[in-house]
Number of protein chains: 2
Amino acid sequence: MVIKERYNVAVVGATGAVGQKMIETLEKRDFPVGELRLLASPRSVGQQVMFKGQTYKVEEARPEAFEGIDFALFAAGGSISEKLAPEAVERGAVVIDNTSVFRMVPEVPLVVPEVNPHAISQHQGIIANPNCSTIQMVVALKPLYDAYGIERIIVSTYQAVSGAGQKGVDDLLDQTRAVLNGEEVVGTHLPVGSQPKKHQMAFNAIPQIDVFEENGFSKEEMKMVNETRKIFGDQEIQVTPTAVRIPVLFGHAEAVYIETEKSFDLEEVRQLLEQAPGITVLDNLKEQEYPMPAMAEGTHDVYVGRIRRDLFHPRGLNLWVVSDNVLKGAAWNAVQIAEYMVKSK
Amino acid sequence: MVIKERYNVAVVGATGAVGQKMIETLEKRDFPVGELRLLASPRSVGQQVMFKGQTYKVEEARPEAFEGIDFALFAAGGSISEKLAPEAVERGAVVIDNTSVFRMVPEVPLVVPEVNPHAISQHQGIIANPNCSTIQMVVALKPLYDAYGIERIIVSTYQAVSGAGQKGVDDLLDQTRAVLNGEEVVGTHLPVGSQPKKHQMAFNAIPQIDVFEENGFSKEEMKMVNETRKIFGDQEIQVTPTAVRIPVLFGHAEAVYIETEKSFDLEEVRQLLEQAPGITVLDNLKEQEYPMPAMAEGTHDVYVGRIRRDLFHPRGLNLWVVSDNVLKGAAWNAVQIAEYMVKSK
């Protein structure tokens, strides 16, 4: 990528939940945007979106729309990325893709800037943004991985409905109103838009995110297994995930248990986490201080608390990790990759 | 206890969330109640409660109220149990106590009828009902413990606000209305009634249930550690818990990972769970069938699903366990103990 004053940026899926946050994040971070091109499917064409006080019209996402683009941020679903990302690359753009289609392709770097920024430079046009629940976990674990090594991870997630897009948010809000009004609860989207059964999400917990694989784990869970290994570049890490959707709008939480390779000092663990980029430690039990989704919403950091040594395993450590799934888990991580590329030139 | 046609039953804390469910459960199960005495604090005296079509007036819980009582079910808080349970025992009653005060007293049996019914006969007047999150976990693990032994448990809970009583339920409902109406959210009770800070519970997850101990674990978490060992009569089981409150009204869920002593066959695990008393297996991933709090509410069973072998540990097994925390986790388990004593005479 040539050094420039300003970069032409396309956002694909500009009217979706993540696309909107990408545009907001570009503005908030004052990313050096030259031309901004907002792309979406034909039914969204003509919609208006504000960016830095100016109105932009949404255009159709088609190959020609990537002419002259430097960064193409994709958040429009796997099939769109599969079709259009190569077209954008062919026209000279760097694609930062938020879908899962390219994540496990060996030549595509899977990047969390706090963890493996070095992978960015190996890109061949496409850089993949990991899954939201993976991103916040690996940010929290990175300083501990570097200091002690990590043998295994057992993680239970508490995931917000915004992970299923605006339709997930609307489904929870509609259902919650119905429960409070004593009306019948009719699910319209959750747990999985593409799946036939809709379950009650209001005042409920659903142990399904994405479809299930033959081994009994969901795709969301397998992403945490496979992406964690790829991001750390370590095929030995053992990850045991349970991914659960709860009635939260924004912000994923994770109860993370790890076993380190070397023994650790708990005070040092705390210091390493406090000093690590992208992490805010909130862990003052006497003051009832710990991370929660409601306080993480709208922020960029990964919050870590409930840091405690296991009662039995000498190298066992427990953490509670919270982050805004749509920002650090998606939009901010994507913009952050672009920032990194711009700054490191 | 002498065999009788009917037994005089006192419910202490008759106007509370668990007390109410105890009365309902006694009626639903057609427990052979002779006289029913509903006891509570002075401020609830005179309130009326229905039982089998008759109206009962709430009386003050004081020592004399236990004269002639066969079973005294306590659900009025630790200090009341501490003061009045010995008085009830002195007057010849068997106390089944839902608070935590006697649970770890060596002479007091801590009983889940599906797991350690033999402990009941060792009582010296008081039988303790375990903590809700412990009960449903040990019911699910009992058949596996018997078949394979259990070395360790790593569990993350998804707990309903009714575990904090009616005030917890009201707090969540009020807050949820406020969020939907765009009003300021003011917490009044959660996460812990006795603690100064109140956090947002609506659309949030709070990693605190009860107060914290010096080791960084909460009392709720330590109950799962200590009570599990006592109920199984096995001081070697290692439990690593994270207890989290989520915006659910009734029904706790738990992501449970275990390592067995002997190796297991997954199909046999399924069969053992299906045949075990008190357990309903709901585990058909193709049909998106798994346990959820909303469907467990109002029922007596412990539901188990997401049964899957760990991807890495040869003796690692994952389960998702759901039950109504106020019923099997409290009221039903207490009445069940009384039923067991009546039937086994």
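Scoring rules and cut-offs
- Residues numbered from 1 in each chain as written.
- Chains lettered and ligands numbered in written order.
- Predicted model: local features only at pLDDT ≥ 70, side-chain atom pairs only at ≥ 80, totals over all residues.
- Heavy atoms only, no water.
- Phe/Tyr/Trp six-rings, centres within 6.5 Å; stacked < 30°, edge-to-face > 60°.
- Helix = DSSP H or I, 4+ residues; strand = E, 2+ residues; numbered from the N terminus.
- Lys NZ or Arg CZ within 6 Å of the ring centre and 35° of its normal.
- 1 Å grid on protein atoms, 1.4 Å probe; cavity = no way out; pocket = protein on both sides within 12 Å on 5 of 7 lines; lining within 4 Å.
- Points joined across faces, edges and corners; volume = space filled by probe spheres on them.
- Nonpolar A, V, L, I, M, F, W, Y, C, P; charged D, E, K, R; others polar.
- Domains from an automatic or database assignment.
- Contact = heavy atoms within 4.5 Å.
- Buried area = accessible area lost by both parts, 1.4 Å probe.
- Salt bridge = Lys/Arg side-chain N within 4 Å of Asp/Glu carboxyl O.
- UniProt positions renumbered as here; feature names shortened; annotations may be inferred.
- Polar contact = N/O pair within 3.5 Å; in protein donor to acceptor, adjacent residues only side chain to side chain.
- Pairing = 2+ DSSP bridges.
- Axes fitted to C-alpha atoms, helices over the stretch in contact; angles between N-to-C directions.
- Core = buried A, V, L, I, M, F, W, Y, C linked by side-chain atoms within 4.5 Å.
- Buried < 20%, exposed > 50% of the residue type's maximum accessible area, 1.4 Å probe, protein only.
- Arc of directions from axis to C-beta.

Just give me the short version of the packing of aromatic side chains, but keep the residues and values in it.
On inspection of all chains with the given rule, the structure shows 19 aromatic pairs over all chains. Here the aromatic rings of Tyr7(B) and Phe71(B) are separated by 5.7 Å at their centres, their planes lie at 55°, and the arrangement is tilted. You can see Tyr7(B) sitting in strand S1 (residues 7-12) and its partner Phe71(B) sitting in strand S6 (residues 71-74), a full 64 residues away along the chain. Each residue in the set Tyr158(A), Trp320(A), Tyr158(B) and Trp320(B) is aromatic and connected to the rest through ring pairs, giving one cluster. Against the face of Phe217(B) rests Arg308(A), its NZ or CZ located 4.5 Å from the ring centre.

Mind laying out empty space enclosed by the protein, listing which residues take part and the relevant values?
Under the defined criterion, the tally for this structure stands at two cavities of 30 Å³ or more. Volume-wise, the largest cavity comes out at about 100 Å³. The wall of the largest cavity is formed by 19 residues, among which Ile154(A), Ser156(A), Ile154(B), Ser156(B) and Ala255(B) lie closest to the centre. Looking at side-chain class alone, the lining of the largest cavity contains 11 nonpolar, eight polar and no charged residues. The calculated volume of the second largest cavity comes to roughly 50 Å³.

Talk me through the domain arrangement of chain A; I want residue IDs and the actual numbers.
It is common to give the size of an interface as the accessible area that goes away when the parts come together. Residues and elements named next belong to chain A. Each assigned domain of chain A is listed here: domain 1 (7-129 + 330-344) and domain 2 (134-160 + 205-323). Measuring from the centre of the C-alpha atoms in domain 1 to the corresponding centre in domain 2 gives 27 Å. On the side of domain 2, 13 residues touch domain 1, which itself brings 16 residues to the contact. Overall, the association of domain 1 and domain 2 removes approximately 1400 Å² of surface from exposure, summing both partners, and the carbon and sulfur fraction of that is 69%. Broken down residue by residue, the surface that domain 1 buries against domain 2 is led by Leu110, Glu114 and Val115, which jointly contribute 40%. Linking domain 1 with domain 2 are one salt bridge, by the criterion used here.

Let's hear about the UniProt feature "binding site: phosphate" (unreviewed entry) in chain A: which residues, and what values?
All names here are of chain A. The feature "binding site: phosphate" (unreviewed entry), as given by UniProt, occupies Arg103 in the numbering adopted here. Assignment of secondary structure puts Arg103 in the loop between strand S7 (94-97) and strand S8 (126-128). In contact with Arg103, other than residues within four places in its own chain, are Asn98, Val108, Leu110, Ala128, Asn129, Pro130, Asn131, Lys223, Glu227 and Lys230. Here Thr99 takes part through its backbone oxygen, which lies 3.3 Å from a polar atom of the side chain of Arg103.

Break down the sheet that holds strand S8 (residues 126-128) of chain B for me, citing the residues and quoting the values.
All names here are of chain B. Spatial strand order, S5-S2-S1-S6-S7-S8: six strands in an open sheet with parallel pairing. The two strands at the open ends of the sheet, each matched to only one other strand, are strand S5 (59-60) and S8. Contacting S1, strand S2 (33-40) and S6, helix H1 (residues 17-28) crosses the sheet at an angle of about 155° to S1. On top of the sheet, helix H2 (residues 78-90) reaches S1, S6, strand S7 (94-97) and S8; it is set at about 175° to S6, its chief contact.

Describe the nonpolar core, listing the residues and the values that go with them.
Within the largest apolar cluster, 107 residues are counted, with the highest numbers of intra-cluster contacts made by Val11(A), Phe71(A), Val11(B) and Phe71(B). Other than its neighbours up to four places away in sequence, Val11(A) contacts Gly19(A), Met22(A), Ile23(A), Leu26(A), Leu36(A), Arg37(A), Leu38(A), Leu39(A) and Leu73(A).

Before we move on, can you summarise the UniProt feature "domain: Semialdehyde dehydrogenase NAD-binding" (unreviewed entry) in chain A with the specific residues and values?
Taking the UniProt record as the reference, the feature "domain: Semialdehyde dehydrogenase NAD-binding" (unreviewed entry) is found at residues 8-123 of chain A. Helix makes up 22% of residues 8-123 of chain A and strand 27%, whereas the separation of the span's terminal C-alpha atoms amounts to 19 Å.

Which residues make up helix H6 (residues 266-275) of chain A, and what are the values?
Residues and elements named next belong to chain A. Within H6, the full set of buried residues consists of Val269, Arg270 and Leu273. End-on view of H6: buried residues confined to an arc of 100°, all on one side of the axis. The secondary structure elements touched by the buried residues of H6 are helix H3 (132-148), strand S12 (279-281), strand S13 (302-309) and strand S14 (316-323). Where H6 begins, one side-chain oxygen reaches toward the backbone nitrogen of Glu267, 3.2 Å away; that side chain belongs to Asp265.

Account for the pattern of salt bridges, naming residues and giving values.
Under the defined criterion, the tally for this structure stands at 38 salt bridges over all chains. Here Glu87(B) and Arg91(B) are joined by a salt bridge, their closest N and O atoms 2.9 Å apart. Connected through salt bridges with shared partners, the residues Arg29(A), Glu339(A) and Lys343(A) form a single ionic network.

Tell me what's going on with the sheet that holds strand S14 (residues 316-323) of chain B, and back it up with residues and numbers.
Residues and elements named next belong to chain B. As summarised here, the arrangement of the six strands in space is S10-S9-S11-S14-S13-S12, forming an open sheet in which the pairing is mixed. A strand with exactly one partner marks an edge of an open sheet, and here the two such strands are strand S10 (238-242) and strand S12 (279-281). When the angles between neighbouring strand axes are averaged without regard to direction, this sheet yields 25°. With five bridges connecting them, strand S9 (residues 150-158) and S10 associate as parallel partners. Counterpart to Val155 in the pairing with S10 is Pro241. Those strands touched by helix H5 (residues 219-232) are S9, S10 and strand S11 (252-260), and its axis lies near 155° from that of S10. This element, helix H6 (residues 266-275), spans S12, strand S13 (302-309) and S14 of the sheet and lies at about 175° to S13.

Could you give an account of the pairing of S13(B), naming the residues involved and the relevant values?
Residue and element names in this part refer to chain B. Within S13, seven of the eight residues are buried, which leaves it mostly tucked inside the rest of the structure. With three bridges joining them, S12 and S13 adopt parallel strand pairing. Bridge assignment links Ile279 to a residue of S13, and that residue is Val302.

A description of unusual backbone geometry should follow, citing residues and the corresponding values.
Note: most residues except glycine have negative phi, and most peptide bonds are trans. All names here are of chain A. Cis geometry marks the peptide bond from Leu190 to Pro191, where omega comes out at 5°. Note that Pro191 resides in the loop between helix H4 (165-180) and helix H5 (219-232). The phi dihedral of Gln288 falls on the positive side, at around 55°, and the residue is not glycine. One can find Gln288 in the loop between S12 and helix H7 (293-296). Judged by its relative accessible area of 2%, Gln288 is buried.

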